[in-house]
Amino acid sequence: MSARPGPPHLRDVLLALPVGLLVLVSLRVAGQWGSGDGPGSRWGPAGDGGPGGGPWSWVSATVPDGWAYLLAGLAVLAVALRRWPIPAFALAICSTSLFLALGNPFGPILVTVLVSAFALARRAPLPRSAIAAGIGILLLLAHALVAASPIAALTALVSALPVSAWVVVPYCVGLVRRLTLEARSRQRDERERTALDAERLRLASEVHDVVGHGLAAIQMQADIALHIAERRPEQAREALQVISRASAEALAELRATLAAVAPEAASTDSHAPTPGIDRLEALCGRMREAGIDVELQLTGERRPVAPAVDVAGYRIVQESLTNVVKHAAERRATVHLTFREQEIELSVTNAAPHLAEFRDGFGIAGIRRRTADVGGSVEIGADDGTFSVHAVLPG
């Protein structure tokens, strides 16, 4: 079962108050512009015009009766009930049409139709609101058919056609406003989804780099330990120690990475050092322990760089060395770090694997994404029997 509708919105009630006051005042001074020297209008006898009469004199209309006040009150009530757009529009249209059919003059009561038509377009579904607006126009013009003769009714109907603008114009304005807000909402939702997807991809890339790097080293040392366990148990023990250290470092770095997602759940004693270019020596040292002969070359004067560039440089080298463990033809790699005046150049080279072609996996795609995120460039590929990752980062 659907929940019962609540009371009218306060802002709708506050809007209905000045509209009601305007309608009440118009009823108290009811009249129309017309000739002061002949019959007044078809709604009542002529009153006192100006001294010269003519089309610019004010003619008093019939004094409104109780029905006029009742119908005007119902029309004003429709403004306060805009929370329910179709019933409110129907109430405003029916009350106004009966009000005019009883011989009362046009006046501010049409403001209730305007407000209700705008709310109809803004709040009701488009197909139903369009149908309701069409029916409302017909009902609003129906008062003209109470004329005595068909010719008079047709004349009155033609003269009353401009009244339909009190429905058409606010309905179109409300519809445009609604479509504009819906388009903005869709764009905002799309931006939020894009940002969320980008954050998920970033986190997945971080986890892939941390876990993939650690597991690659662990797998290689585990294979070594299995291979030499019976013949050289002392070396197997060393391999197991390397596995223990690699797994502990990977877990600590993984906790630090996930702490960015839930800082309140992170333990204060489980944070790993923040990845950065200054830790490349330690990274290469761990790779040497894992059995990869890594040569680190440093050129230029080392200096601090932006945090995003710092992390990106470390992750690029880390993933490149992980690929050496998993795919390289030889367990050897060279890491070259160059500090230039306004940029940092990173390159990791190793013997190319014996593959017919190279395809970007998740790791290579992550290297490209990280480089692009900090505004750098990267070249990845094989040439003359070597596979290289060459990245230039702003520094």
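What this report covers is the structure whose coordinates are included nearby. (Residues numbered from 1 in each chain as written. Predicted model: local features only at pLDDT ≥ 70, side-chain atom pairs only at ≥ 80, totals over all residues. Heavy atoms only, no water.)

**As for the pairing of strand E3 (residues 293-299)**
The sheet contact formed by E3 and strand E4 (residues 332-339) spans seven bridges and is parallel. By the bridge assignment for E4, Thr299 is matched with Thr338. Each parallel crossover has a hand, and the one from E3 via helix H10 (residues 307-327) to E4 is left-handed. (Pairing = 2+ DSSP bridges. Helix = DSSP H or I, 4+ residues; strand = E, 2+ residues; numbered from the N terminus. Right-handed = clockwise from strand over helix to strand, strands pointing away.)

**Digging into the pairing of strand E7 (residues 386-394)**
Bridge analysis of strand E5 (residues 343-351) against E7 gives nine bridges, and the strand direction is antiparallel. Across the sheet, the residue bridging to Glu345 is Val392, located in E7. Remark: two residues form the turn of the hairpin made by strand E6 (residues 377-383) and E7, two consecutive strands paired antiparallel; Asp384 in that turn has positive phi of roughly 55°.

**What to know about helix H9 (residues 280-289)**
When H9 is considered as a whole, its buried residues turn out to be Leu280, Leu283, Cys284, Arg286 and Met287. The arc enclosing the buried residues of H9, seen along the axis, measures out at 155°, which places them on a common side. Positioned one or two residues after H9, Gly291 has a phi angle of 105°, which is positive. (Buried < 20%, exposed > 50% of the residue type's maximum accessible area, 1.4 Å probe, protein only. Arc of directions from axis to C-beta.)

**Some details on the side chain of Glu319**
Relative to the helices and strands, Glu319 resides in helix H10. Glu319 gets classed as buried once you look at its relative accessible area, which sits at 1%. Not counting residues up to four positions away in its chain, the partners in contact with Glu319 are His208, Asp209, Gly363 and Ile367. (Contact = heavy atoms within 4.5 Å.)

**With respect to the nonpolar core**
Grouped together as the largest cluster of nonpolar side chains are 38 residues, with contacts concentrated most on Leu280, Val317 and Leu321. Elements with a minimum of two residues in this core: helix H7 (165-228), H9, H10, E4, E5, helix H11 (362-373), E6 and E7. Tallying contributions element by element places H10 first for this core, with eight residues. For Val317, the contacting residues outside a window of four places in its chain are Leu280, Leu283, Val335, Leu346 and Val348. Residues Leu110, Ala121, Ile137 and Tyr171 belong to the second largest nonpolar core, which totals 16 residues. (Core = buried A, V, L, I, M, F, W, Y, C linked by side-chain atoms within 4.5 Å.)

**Description of the pattern of salt bridges**
Evaluated as defined, the whole model comprises 11 salt bridges. Among the charged side chains, a network of salt bridges with common partners joins Asp12, Arg82 and Arg123. (Salt bridge = Lys/Arg side-chain N within 4 Å of Asp/Glu carboxyl O.)

**Some points on the side chain of Arg178**
Along the chain, Arg178 turns up in helix H7. What makes Arg178 buried here is its relative accessible area of 16%. Excluding anything up to four places from it in sequence, Arg178 contacts Ala121, Arg122, Arg123, Ala124, Pro125 and Leu126.

**Things to note about helix H1 (residues 10-28)**
Between its terminal C-alpha atoms H1 stretches 27 Å, which fits the 27 Å expected from 19 residues at 1.5 Å a residue. Of the surrounding elements, those touching the buried residues of H1 are helix H2 (66-80), helix H3 (85-101) and helix H4 (109-123). (Expected span 1.5 Å × (residues − 1).)

**Details of empty space enclosed by the protein**
Under the counting rule described, the total for this entry stands at two cavities of 30 Å³ or more. Considering only enclosed or pocket space, the largest cavity measures out at about 150 Å³ in volume. As for the largest cavity, its lining consists of 15 residues, and the residues nearest its centre are His213, Gly214, Ala246, Glu249 and Arg286. Elements supplying a minimum of two residues to the lining of the largest cavity: H7, helix H8 (233-259) and H9. Sorting elements by how many residues they give to the lining of the largest cavity places H8 first, with six residues. Considered class by class, the residues forming the lining of the largest cavity number seven nonpolar, three polar and five charged. By volume, the second largest cavity is sized at about 30 Å³. Forming the walls of the second largest cavity are Ser320, Asn323, Val348, Asn350, Phe387 and Val389. Those elements that provide at least two residues to the lining of the second largest cavity are H10, E5 and E7. The residue inventory of the lining of the second largest cavity, partitioned by class, reads three nonpolar, three polar and no charged. (1 Å grid on protein atoms, 1.4 Å probe; cavity = no way out; pocket = protein on both sides within 12 Å on 5 of 7 lines; lining within 4 Å. Points joined across faces, edges and corners; volume = space filled by probe spheres on them. Nonpolar A, V, L, I, M, F, W, Y, C, P; charged D, E, K, R; others polar.)

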